[in-house]
Amino acid sequence: MSYDQLPLKIALLAGLDAGLFERDVLLSWHVSEPGIRAVLLASELLEDFTRAGLSPRLFDSGLGLSIFRDKSTRTRYAFRAGCNLLGLMTEEVDESTSQIAHGETVRETATMISFLTEVVGIRDDMFLGEGHRFQQEMAVSIEDSHRAGVLMHRTAVLNLQSDLDHPTQSLADLRHLTAHFGGLERLRGKKIAMTWAYSPSYGKPLSVPQGIIALMTRVGMDVVLAHPPGYELVGETLDAARGFAVQSGGRFSVVNSMADAFDGADIVYPKSWAPMSVMHRRTELLRAGDTPGLAALEREALDNNARFKDWECTEPLMKTTKAGRALYMHCLPADVSGVSCAAGEVSASVFNRYRHDTYREASYKPFVIAAMILATRFRDPAAVLDRCLQVSPSRRHE
Amino acid sequence: MSYDQLPLKIALLAGLDAGLFERDVLLSWHVSEPGIRAVLLASELLEDFTRAGLSPRLFDSGLGLSIFRDKSTRTRYAFRAGCNLLGLMTEEVDESTSQIAHGETVRETATMISFLTEVVGIRDDMFLGEGHRFQQEMAVSIEDSHRAGVLMHRTAVLNLQSDLDHPTQSLADLRHLTAHFGGLERLRGKKIAMTWAYSPSYGKPLSVPQGIIALMTRVGMDVVLAHPPGYELVGETLDAARGFAVQSGGRFSVVNSMADAFDGADIVYPKSWAPMSVMHRRTELLRAGDTPGLAALEREALDNNARFKDWECTEPLMKTTKAGRALYMHCLPADVSGVSCAAGEVSASVFNRYRHDTYREASYKPFVIAAMILATRFRDPAAVLDRCLQVSPSRRHE
Amino acid sequence: MSYDQLPLKIALLAGLDAGLFERDVLLSWHVSEPGIRAVLLASELLEDFTRAGLSPRLFDSGLGLSIFRDKSTRTRYAFRAGCNLLGLMTEEVDESTSQIAHGETVRETATMISFLTEVVGIRDDMFLGEGHRFQQEMAVSIEDSHRAGVLMHRTAVLNLQSDLDHPTQSLADLRHLTAHFGGLERLRGKKIAMTWAYSPSYGKPLSVPQGIIALMTRVGMDVVLAHPPGYELVGETLDAARGFAVQSGGRFSVVNSMADAFDGADIVYPKSWAPMSVMHRRTELLRAGDTPGLAALEREALDNNARFKDWECTEPLMKTTKAGRALYMHCLPADVSGVSCAAGEVSASVFNRYRHDTYREASYKPFVIAAMILATRFRDPAAVLDRCLQVSPSRRHE
């Protein structure tokens, strides 16, 4: 048990100038290096507290609100669980039963739901060019109302997946890697293959691969992005990856072959996403309410996808990875061939072998979210956790 | 900071015989004068506690349930935030997924959802003659089950907007006025123009203007109600306003001109509402399931509204108010001309100037709701807050 | 007040080897005799704590999740209230807005929603042969992930109504009987008539009567099941009832006459349910999406029901019970003749006389659910409650 290491880890956390207090977490590439490290370390500490039966309840009351503009099970749960761990009651702002969709400005709504709210988590990943913009507008509005003295405190906005990034996923993935390989330093030089994979569905967001390439390049990894022609990612995220690779002494390359990406990889992350052009056209068709156009686009996109059915994570491919034993990752749910679909992202044999690993990967998300709340809402997260450790409140009263 | 004044305010609260313990808050005009003052003062205290970082958590567990029969963002949030501030977990009784709509009697449901519930907040403002009746029936049923010993305690019913009144709004508005002008006494003699305004939508409830005239007349204000012919309010609320004006030494008058109402006003509250007759006919058409009839009524109502497009709160009109600087109020969302609609209740210029004021106005609602819970569920609210102050629990554990 | 008896009851609880720790509650007949007694006694203790103003809050944080695959008001509320009493925040996993329905395996979902979750309550009673299977699959998946070290603890699954059993209802009913008659021992030999009754609706689950016959036979009661031909219950539950009657020295018999069942009964429980064959055919038609077939089945089923309109709990029938004063029970909502329907399960006169009794019967459910959480999540429930009693935390801070 890591219980004995808690004071040491808290001391390490105290040494990091995260720069997240009274800020938002929208794009990981806008968070400083110590900020990334602080979230990772705080997440680990919150896991340790929980495993030791200690309660890191930091709020006596307060709200964590979520706005989901797309379906979600995992992230929805993770947000609730993370908030609850710290003592926040969660509520969902449901746009179908609320009045957000009825002529209200975002600015107004942002203030109206923030009076006693510590954090607002937003998932808005359906439309390229929209999700991040909306999250940003919410954050700016809250900032404005806080400065005007209308809001007693600066509610934080957390990106629970936008069109550009999915930082709670990528940070949970990074936490998974540090747990698996034994620390951030051990990741230096390791090859991770972030590759497109075939799926019989269309319209999947680009935010996961974008989040992965922009984050893993920061810790000195050898990040290889692989996809068929036409499945390029948003330029801003490629630029971020390139820049970080240079800064960290890692590498970033883009290839058009799954085999090349897998070759000698320590980690593989095969996952489907939609072509950017399809996402853009879909946004326009949705705005125009063009139902036949949408159906035609879906057929066209699926037909195009089908040209790349061989982009599947199979046992033979896995054999080509480092010692044939690369760590398989997925944000779930995966399209498993012969299980959830006839042909998909990964063969049943590979997936089953790594099933518990993918579950473990997901298990970090509630803690990463709680760590982000801790970092954005408390000036001195280390002091707060240290106080918790001294008081030693139990999560369960036994 | 008002921290030093807390003991003084608590002593003042102790001196008020609110008469709300184990009662409901359905209509403000059924609440005694000390009851109104107690809710206002308790609300102010809860704000002070929060600003001082103290936690007025009074419940270790317990539920606050809400039933929303109309869309809502603000009041829904305010109810949740107010409950959470005191330690209650909120849940929504969703009539579409629950069995309320399936042959159950209101009496039965009222009991079934009250066993461990401290407060039930209800919004039911769609049908004139219905909302208040439903809230009353819920309250009577709870009272009956409490007397029969089925319920361990007397769950309170709070009106979160009915066809007759919107007391959480009007009390928050009054709290806004006392904060803005420096106390209840300063409001005596001040002129408030509660006036109809044009909106390109129809079917807006009458409860806000009704709540305003019935409450502001009680504190000695000069309340002028203005609306075009045909937009009269429910008689019971006009009677209440007239009676209170006499008792308090204030004034109540009804005019048919926005200009007359604005002339020299200290406060203006321009807001659209539907004609009573339209609301009554709509109720009948809805009951009969007469879709073409509803469409015809909507057209007719909008056409009629359009005759009064000049009922807009403009800069020239604002210039006619007291020193040209009346306080503009709105319960939000406002129909802002050129922003949320082509022509509406208020010009963009006026609204933008007062935007933060309207946000501040809304900020009092969670505290007013918490104050109502405090007053209805605790025999001695002052003693409870005093104990909190002595123990000094923090809202955040820093 | 039972406050003085708390230590005694806690000592009694300590003597029961419930065998429920880190287990689920899916079928009452899989719970041991001491397990049943422990849940009953813990429920009574939690009521006593609440009545005495003490807070049995055992969790500082933690989640109670519910999955409702059928409409519900009472059980939904009871689950939330029971969780809240112990300090758990509740959330609902909504399959329409989440991704459960989108190709995910149950196994995966079970894990994804359990990371910081103490209990998952599931209602799945629509399809014979499905509900229990789903609950079991969830439990097995959680167990698997716990053993693999993915889940830090063993989340409990509670059956909030399946196709086979409704243990939170039957235990609440048993608690009602012990409260009414003065203890478990007083129930020995008492005659309870669990009888079918006419209802103008169709498709009601069989789980309530099945739960009642399988539980009441265990405490030595004389259980008489009555229904028209064709309304037989699932064999497994009849077998359980027969076996328990032998073990407990009680009796179990099946008759085809309401009058026979009522004759001399101490307790009557007249309630409608659907014929098993109809439920099976409905499942097939629903799977096939056969809308005309479903409509035809409904007509046929209602026509068949209508042959037994005389199966109504009337005053003359009530006169034939023990001293004409049998206790009337119902899980609510009841189909009351002349009130919620023209002709139904019970006459208005009988129902009104026992209305408060049925409300009281329902009042035990939140406590029974909390007792099940206590028994499944804490190794030593008695020690936990004893600690609460020593610390004496108040539910309300007055």
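Basis of the calculations
- Residues numbered from 1 in each chain as written.
- Chains lettered and ligands numbered in written order.
- Predicted model: local features only at pLDDT ≥ 70, side-chain atom pairs only at ≥ 80, totals over all residues.
- Helix = DSSP H or I, 4+ residues; strand = E, 2+ residues; numbered from the N terminus.
- Buried ≥ 20, exposed ≤ 12 C-beta atoms within 10 Å, placed from the backbone.
- Contact = placed C-beta atoms within 7 Å.
- Pairing = 2+ DSSP bridges.
- Axes fitted to C-alpha atoms, helices over the stretch in contact; angles between N-to-C directions.
- Parallel < 35°, antiparallel > 145°, perpendicular 65-115°, else oblique.
- Left-handed = near helix turned anticlockwise from the far one by under 90°.
- Nonpolar A, V, L, I, M, F, W, Y, C, P; charged D, E, K, R; others polar.
- Least-squares fit on C-alpha atoms with pLDDT ≥ 70 in both.
- Expected span 1.5 Å × (residues − 1).
- Arc of directions from axis to C-beta.
- Core = buried A, V, L, I, M, F, W, Y, C linked by C-beta atoms within 7 Å.
- pLDDT = per-residue confidence, 0-100.

**A word on the overall build of chain A**
Helices and strands together make up the secondary structure of chain A, namely 15 helices and 11 strands. Once the C-alpha set of chain A is aligned to its principal axes, its extents read approximately 55 × 55 × 45 Å. Across the 398 residues of chain A, 59% fall into the buried class. Counting only contacts in chain A whose residues sit at least 6 apart along the sequence, the fraction spanning at least 24 positions is 81%.

**Remarks on the sheet that holds strand E5 (residues 191-195) of chain B**
All names here are of chain B. The sheet built from 5 strands is open, its strands ordered E7-E6-E5-E8-E9 with parallel pairing. Edge strands, defined here as strands with exactly one partner in the open sheet, are strand E7 (251-255) and strand E9 (327-328). Strand direction decides the pairing type here: strand E8 (residues 267-270) and E9, joined by 2 bridges, are parallel. By the bridge assignment, Ile-267 is partnered in E9 with Leu-327.

**Structural notes on the packing of helix H6 (residues 167-181) of chain B against helix H14 (residues 365-377) of chain B**
Residues and elements named next belong to chain B. Interhelical geometry of H6 versus H14 gives an angle of 115° and a closest axis separation of 9 Å. When the axes of H6 and H14 are compared, the pair comes out roughly perpendicular. Every pair of crossing elements has a handedness; the one defined by H6 and H14 is right-handed. Mapping the contact onto sequence places Thr-168, Leu-171, Ala-172 and Arg-175 in H6 and Lys-365, Val-368 and Ile-369 in H14. Taken together, the residues that form the contact of H6 with H14 break down as 4 nonpolar, 1 polar and 2 charged.

**A few points about the relation of the copies chain C and chain B**
For the pair chain C and chain B, the best superposition has an RMSD of 0.0 Å and corresponds to a rotation of 120° with a translation of 0.0 Å parallel to the axis. Seen this way, the second copy is the image of the first under a three-fold rotation axis. Looking at the rotation axis and the C-alpha trace of chain C, the residue lying nearest is C:Met89, at 4.3 Å. Different-surface contact between copies: only 3% of interface residues of chain C are shared with the interface of chain B.

**Brief notes about the environment of A:Val140**
Residues and elements named next belong to chain A. Within the secondary structure layout, Val-140 lies in helix H5 (residues 131-147). Taking the C-beta count within 10 Å as the criterion, Val-140 has 15 such neighbours and is therefore assigned partly exposed. Along the sequence, Val-140 and Asp-24 sit 116 residues apart, while their C-alpha atoms lie 9.9 Å from each other.

**Details of the pairing of strand E3 (residues 117-124) of chain A**
Across a regular strand the side chains alternate sides, sitting on one face of the sheet and then on the other. Residues and elements named next belong to chain A. E3 sits mainly inside the fold: 8 of its 8 residues count as buried. As paired strands, strand E1 (residues 63-68) and E3 are joined by 6 bridges and run parallel to one another. The partner of Gly-64 across the bridge, within E3, is Val-119.

**Observations regarding helix H10 (residues 276-288) of chain A**
Residue and element names in this part refer to chain A. Compared with the 18 Å implied by 1.5 Å per residue over 13 residues, the 19 Å span of H10 between its first and last C-alpha is a close match. Along H10, the residues classified as buried are Val-278, Met-279 and Arg-282. Each buried residue of H10 sits inside an arc of 95° when the element is viewed along its axis, so together they form one side. What points out from H10, more than 90 degrees from its buried face, is the exposed set Glu-284, Arg-287 and Ala-288. Close packing links the buried residues of H10 with helix H11 (291-306).

**What to know about the interface of chain C and chain B**
Facing the 31 residues of chain C at the interface are 28 residues of chain B. For the side of chain C that touches chain B, the secondary structure elements donating two or more residues are helix H2 (33-51), helix H3 (74-86) and helix H13 (348-363) of chain C. Class assignment of the residues belonging to the side of chain C that touches chain B gives a composition of 10 nonpolar, 11 polar and 10 charged.

**Side note on the relation of the copies chain C and chain A**
Turning chain C through 120° and shifting it by 0.0 Å along the axis lays it on chain A, with an RMSD of 0.0 Å. Comparing interface residues between copies, only 4% of those in chain C also lie at the interface in chain A; the contact surfaces differ.

**A short note on the interface of chain C and chain A**
Taken together, the contact between chain C and chain A spans 28 residues of the former and 31 residues of the latter. When residues of the side of chain C that touches chain A are traced back to their parent elements, those giving at least two are strand E2 (89-92), helix H4 (106-112) and helix H15 (381-391) of chain C. Each residue belonging to the side of chain C that touches chain A can be placed in one class, and the counts come to 14 nonpolar, 9 polar and 5 charged.

**Structural notes on the nonpolar core**
Soluble globular proteins tend to bury their nonpolar side chains together. Counting 400 residues, the largest nonpolar core has A:Val223, B:Val223 and C:Val223 as the members making the most contacts within it. In this view, B:Val223 contacts B:Ile192, B:Met194, B:Ile213, B:Met216, B:Thr217, B:Ala241, B:Ala245, B:Gly250, B:Arg251 and B:Phe252; residues no more than four positions away in its chain are not counted.

**So, the sheet that holds strand E1 (residues 63-68) of chain C**
Residues and elements named next belong to chain C. Spatial strand order, E2-E1-E3-E4: 4 strands in an open sheet with parallel pairing. With one partner strand each, in any of the chains shown, E2 and strand E4 (156-162) form the two edges of the open sheet. Put simply, the sheet's adjacent strands are angled 20° from each other on average, direction ignored. Seen against the sheet, H3 touches E1, E2, strand E3 (117-124) and E4 and runs at an angle of roughly 170° to E1. Taken strand by strand, helix H5 (residues 131-147) contacts E3 and E4, and its axis lies near 175° from that of E4.

**Some words on the environment of A:Thr321**
Residue and element names in this part refer to chain A. Of note, Thr-321 is situated in the loop between helix H12 (315-319) and strand E9 (327-328). Assessed through the 21 C-beta atoms surrounding it within 10 Å, Thr-321 is described here as buried. Residues Thr-321 and Arg-154, spaced 167 residues apart in sequence, show a C-alpha to C-alpha distance of 47 Å. Thr-321 has contacts with Phe-262, Gly-264, Ala-265, Val-268 and Ala-326, leaving out every residue within four places of it along the chain.

**Overview of the packing of H3(C) against helix H14 (residues 365-377) of chain C**
Residue and element names in this part refer to chain C. The contact between H3 and H14 brings their axes to 8 Å, and the two run at 55°. On the basis of their axis angle, the class for H3 and H14 is oblique. In the crossing of H3 with H14, the sense of the turn from one axis to the other is right-handed. In this structure, H3 uses Arg-74, Ala-78, Phe-79, Ala-81, Gly-82, Cys-83, Leu-85 and Leu-86 to contact H14, whose residues at the interface are Lys-365, Pro-366, Phe-367, Ile-369, Ala-370 and Ile-373.

**A few points about the confidence of the model for chain A**
Residues with a pLDDT of 70 or more make up 97% of chain A, whose mean pLDDT is 94. The complex prediction reports pTM at 0.96, with the ipTM value standing at 0.95.

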